[in-house]
Amino acid sequence: MKKIITLCALLMTSISSWSFTPESGHYWDPNQPGSGYTLEIQDNHLFGSFYVYDTFGNPIWYTTSGFLDGNAYYESFVAISYDGQCVGCPWTDNTTVLSDIETVRINFLTETTATIEMLGQVKTIERFNFFLGDELQKMRGEWQLVYDVSEYSNNYPFYADVLIFEQTETFNGDYLATGCRSENTTYNRCTNYALNNNDLAAAYDTVNDELIAVVRDDANYYLAYYLKTGTDQFDGEAFSYAVGSSPNLNQNGFTVRGFRTASKHFVDTGTGPAKTNADDSERKHKTLGLNQMLDLQLLNKASSSELDQATQNRIINTIKRLEQQLKK
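How each quantity is defined
- Residues numbered from 1 in each chain as written.
- Predicted model: local features only at pLDDT ≥ 70, side-chain atom pairs only at ≥ 80, totals over all residues.
- Heavy atoms only, no water.
- Pairing = 2+ DSSP bridges.
- Helix = DSSP H or I, 4+ residues; strand = E, 2+ residues; numbered from the N terminus.
- Axes fitted to C-alpha atoms, helices over the stretch in contact; angles between N-to-C directions.
- Contact = heavy atoms within 4.5 Å.
- Phe/Tyr/Trp six-rings, centres within 6.5 Å; stacked < 30°, edge-to-face > 60°.
- Buried < 20%, exposed > 50% of the residue type's maximum accessible area, 1.4 Å probe, protein only.
- Lys NZ or Arg CZ within 6 Å of the ring centre and 35° of its normal.
- Disulfide = S-S within 2.5 Å.
- Polar contact = N/O pair within 3.5 Å; in protein donor to acceptor, adjacent residues only side chain to side chain.

Another point: the sheet that holds strand E16 (residues 254-262). Through backbone hydrogen bonds, the strands of a sheet pair up, either in parallel or in antiparallel fashion. With antiparallel pairing, the eight strands of this closed barrel are ordered in space as E9-E10-E11-E12-E13-E14-E15-E16. Here the average twist between neighbouring strands, direction ignored, is 30°. As paired strands, strand E15 (residues 233-242) and E16 are joined by six bridges and run antiparallel to one another. Within E16, the position partnered with aspartate 235 by the bridge is arginine 257. Helix H6 (residues 309-327) contacts strand E10 (158-171), strand E11 (174-181), strand E12 (199-205), strand E13 (210-216), strand E14 (221-229) and E15 of the sheet and is inclined by roughly 45° relative to E13.

Okay, structure coming up:
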């Protein structure tokens, strides 16, 4: 993976930030384990419960509740509750008062990372990965995508897609996730037809925490992705380009958002969280490539990218490595 990291270095400082949606879940500081922060976000309202310790080392729970300021910033009171019901005891009401912490500040940096500040101490926390493995293994499963092509199409303001990250493998010394574009939304696995006609390969840049992927859009076009990934969603840009050429990174791509719709366990075994359990016996269902829905004249008028030439070269080199996996 060092080859991929070298090719992708400094991308974060070169590409403007995309908007993102903070994820609910159990957060922790991997550098200072032992405490935890459960954050539940509904609409723009956040409820947090913190399982930490007092000055004597006794476990203690704090809670907070309030609204996000904008997309990703939270600041509100911290409460403490006591004299509640013990496990197995008859119910008794508890008492909740403001704690001596007074205020907590949470600033989400990505979908699954944030800083949390209490009593002047700032920690960097991330959503705890209990089971999904490393950043490429985490992608395994089915994802449904929505592209905003409103600036590049006269007929279709949005385009949907279904991608399956089926496995991880090493190719030419690079660690990759591979899979396909699904034949339709009832399939949760890669058929031989999909692998032969609409396969995908992806590499993860661990330095900048970003995913680069290439999908065979059809016989004549590729789709390249540059993404920020969470546990169950991702955000970024996609680029359509002809086979034998390279994506035009002098111009901005079109916005893409993806959401996990079937677990990796379902992809592996046919059981587990998924939208359907339909039979996905072998078919040969030709899908329409995204490039066929785009207006090339509008695409050529896309706004200019902020990427410098050195960064563009790094991205292109990574994409070409991924193309080699598809060509095999």
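On we go from here.
Moving on, we get to the packing of aromatic side chains. Enumeration over the complete set of coordinates arrives at 11 aromatic pairs. Residues tryptophan 28 and phenylalanine 128 carry aromatic rings whose centres are separated by 4.7 Å and whose planes lie at 70° to one another, so their mutual orientation is edge-to-face. Placement of the pair is tryptophan 28 in strand E1 (residues 25-28) and phenylalanine 128 in the loop between strand E8 (121-127) and strand E9 (141-148), with a sequence separation of 100 residues. Ring geometry for tyrosine 147 and phenylalanine 254: centres 6.0 Å apart, planes at 70°, overall edge-to-face. Of this pair, tyrosine 147 sits in strand E9 while phenylalanine 254 sits in strand E16; the two residues are 107 residues apart in sequence, bridging distant segments of the chain. For the pair shown, tyrosine 147 and phenylalanine 254 are each scored as buried. Taken together, Tyr147, Tyr152, Tyr159, Tyr225 and Phe254 form an aromatic cluster joined through their ring pairs. The ring of phenylalanine 131 carries lysine 264 above its face, with NZ or CZ at 4.9 Å from the centroid.

Linking two cysteines covalently via their sulfur atoms produces the bond known as a disulfide. All chains considered together, the criterion is met by two disulfides. Across a sulfur-sulfur distance of 1.6 Å, cysteine 86 and cysteine 89 are joined as a disulfide pair. In this structure cysteine 86 comes out as partly exposed when scored by relative accessible area, which is 35%. At a sulfur-sulfur separation of 2.2 Å, the disulfide partner of cysteine 180 is cysteine 190. Judged by the sign of its S-S torsion, about -100°, the cystine formed by cysteine 180 and cysteine 190 is left-handed. Taken together, the residues span a long stretch of sequence, with cysteine 180 in strand E11 and cysteine 190 in the loop between E11 and helix H3 (192-197) at a distance of 10 residues. Taken N- to C-terminal, the disulfide-bonded cysteines of the protein chain are connected 1-2, 3-4.

Right, let's talk about the side chain of glutamate 142 for a bit. Structurally, glutamate 142 is set in strand E9. A relative accessible area of 0% places glutamate 142 in the buried class. A distance of 2.4 Å separates polar atoms of two side chains, one belonging to glutamate 142 and the other to threonine 261.

With that settled, consider the environment of tyrosine 73. Mapped onto the fold, tyrosine 73 is located in strand E5 (residues 73-82). Considered as a pair, tyrosine 73 and asparagine 107 are 34 residues apart in the sequence and their alpha carbons are 4.6 Å apart. Discounting residues that sit within four places of it in the chain, tyrosine 73 has contacts with Leu68, Arg105, Ile106 and Asn107. A polar contact is formed between the side chain of tyrosine 73 and the side chain of glutamate 75, at a distance of 2.8 Å.

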